[in-house]
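One letter stands for each residue in the lines below.
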Amino acid sequence: QVQLVESGGGLVQAGGSLRLSCTASGRTFSSYTMGWFRQAPGKEREFVAAISRDGGSTTYAESVKGRFTISRDNAKNTVYLQMNSLKPEDTAVYYCATGTTITLKTRGEWYNDWGQGTQVTVSS
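Being a predicted model, the structure only gives us computed values, none of them experimental.

Engineer: In this structure, what is going on with the overall build of the chain? I would like to understand it.
Structural biologist: Within the chain one finds 0 helices and 11 strands. Element order for the chain, N to C, with α for helix and β for strand: β-β-β-β-β-β-β-β-β-β-β. Expected size for 124 residues packed as a compact globule is a radius of gyration near 14 Å; at 13 Å, the chain falls within 12% of this value. Its C-alpha atoms put the chain at 40 × 25 × 25 Å along the principal axes. Split into buried and exposed, the 124 residues of the chain put 46% on the buried side. Pairs at least 24 apart in sequence give 58% of the contacts found in the chain among residues at least 6 apart. In the form shown here, the chain has an accessible surface area of approximately 6,400 Å², with 45% of it arising from carbon and sulfur atoms. Looking at charge distribution, the chain has the averaged site of its 13 positive side-chain charges lying 3 Å from that of its 10 negative ones.

Okay, structure coming up:
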């Protein structure tokens, strides 16, 4: 089991930027695809972005494409989510998770270990 800790959330005005980090315990981080998900109050959890084990492949939800960038540093056991041009509808708790497959998946059922989440609030 991998323990994940997210950080970097906060309150930002619309149009602003934040960078989320997710640091994993253990020495097997590079063997996992990684994903970011988010859940807004009263809504279901939704996929945001995913990255392959070596960082060479990424995929994004249409709602964040062109504004968010996922990256990873395997030497630091960390995956990042750079969020630019933030909108009020991006307000949510953001979670990172370890993937259970080599290919990138957008459904939460394909992810195993989850962090505790970090709150992102975008004011209008």
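Engineer: Please clarify how the packing of aromatic side chains should be interpreted in this entry.
Structural biologist: For any two aromatic rings, the description comes down to two numbers: the centre-to-centre distance and the angle of the planes. The full count for this structure, using the stated rule, is 4 aromatic pairs. Pairing Phe37 with Tyr111 gives two aromatic rings, centres 5.0 Å apart and planes at 75 degrees, and the pair type is edge-to-face. Linking Phe37 in strand 4 (residues 34-39) with Tyr111 in strand 10 (residues 111-114), this pair joins segments that are 74 residues apart in sequence. For the pair formed by Phe37 and Tyr111, the shared burial category is buried.

Engineer: For this particular structure, what's the right way to read the nonpolar core?
Structural biologist: Nonpolar side chains in soluble globular proteins tend to end up buried together. One finds Trp36, Val79, Leu81, Met83 and Tyr94 to be the most contacted residues of the largest nonpolar core, which totals 33 residues. Every element with two or more residues in this core is listed here: strand 3 (18-24), strand 4, strand 5 (46-51), strand 7 (68-73), strand 8 (78-83), strand 9 (92-99) and strand 11 (118-123). The element best represented in this core is strand 5, accounting for 5 residues. Setting aside residues no more than four positions away along its own chain, Met83 makes contact with Gly16, Ser17, Leu18, Leu20, Arg67, Phe68, Tyr94 and Val120.

Engineer: Please clarify how the sheet that holds strand 1 (residues 4-7) should be interpreted in this entry.
Structural biologist: The strands making up a sheet associate through hydrogen bonds between their backbones, and the pairing can be parallel or antiparallel. Spatially, the 4 strands line up as an open sheet ordered 1-3-8-7, and their pairing is antiparallel. Looking at the sheet topology across the chains shown, the edges are occupied by strand 1 and strand 7. Between one strand axis and the next, the sheet turns through 15 degrees on average, direction left out of account. Sheet topology note: the strand 1/strand 3 ladder contains 4 bridges and is antiparallel. Within strand 3, the position partnered with Glu6 by the bridge is Cys22.

Engineer: What is the right way to read the environment of Gly115 from this model?
Structural biologist: Among the secondary structure elements, Gly115 is positioned in the loop between strand 10 and strand 11. Along the primary structure Gly115 and Thr23 are separated by 92 residues, whereas in three dimensions their C-alpha atoms are 9.2 Å apart. Ignoring sequence-local partners within four residues, the contact set of Gly115 consists of Leu4, Glu6, Tyr95 and Cys96.

Engineer: What am I meant to see in the state of the cysteines here?
Structural biologist: Disulfides are covalent bonds that connect the sulfur atoms of two cysteines. Tallying each qualifying case throughout the model produces 1 disulfide. Shown here is the disulfide that connects Cys22 with Cys96, its sulfur atoms set 1.9 Å apart. Here the S-S torsion is close to 60 degrees, and the disulfide linking Cys22 with Cys96 is therefore right-handed. With Cys22 in strand 3 and Cys96 in strand 9, this residue pair connects regions lying 74 residues apart in the sequence.

Here is what the cut-offs are and how they apply
- Residues numbered from 1 in each chain as written.
- Predicted model: local features only at pLDDT ≥ 70, side-chain atom pairs only at ≥ 80, totals over all residues.
- Heavy atoms only, no water.
- Helix = DSSP H or I, 4+ residues; strand = E, 2+ residues; numbered from the N terminus.
- Rg over C-alpha atoms; globule rule 2.2 N^0.38 Å.
- Buried < 20%, exposed > 50% of the residue type's maximum accessible area, 1.4 Å probe, protein only.
- Contact = heavy atoms within 4.5 Å.
- Areas by Shrake-Rupley, 256 points an atom, 1.4 Å probe, with all protein chains shown as cover.
- Lys, Arg positive; Asp, Glu negative; His and termini not counted.
- Charge placed at Lys NZ, Arg CZ, Asp CG, Glu CD.
- Phe/Tyr/Trp six-rings, centres within 6.5 Å; stacked < 30°, edge-to-face > 60°.
- Core = buried A, V, L, I, M, F, W, Y, C linked by side-chain atoms within 4.5 Å.
- Pairing = 2+ DSSP bridges.
- Axes fitted to C-alpha atoms, helices over the stretch in contact; angles between N-to-C directions.
- Disulfide = S-S within 2.5 Å.

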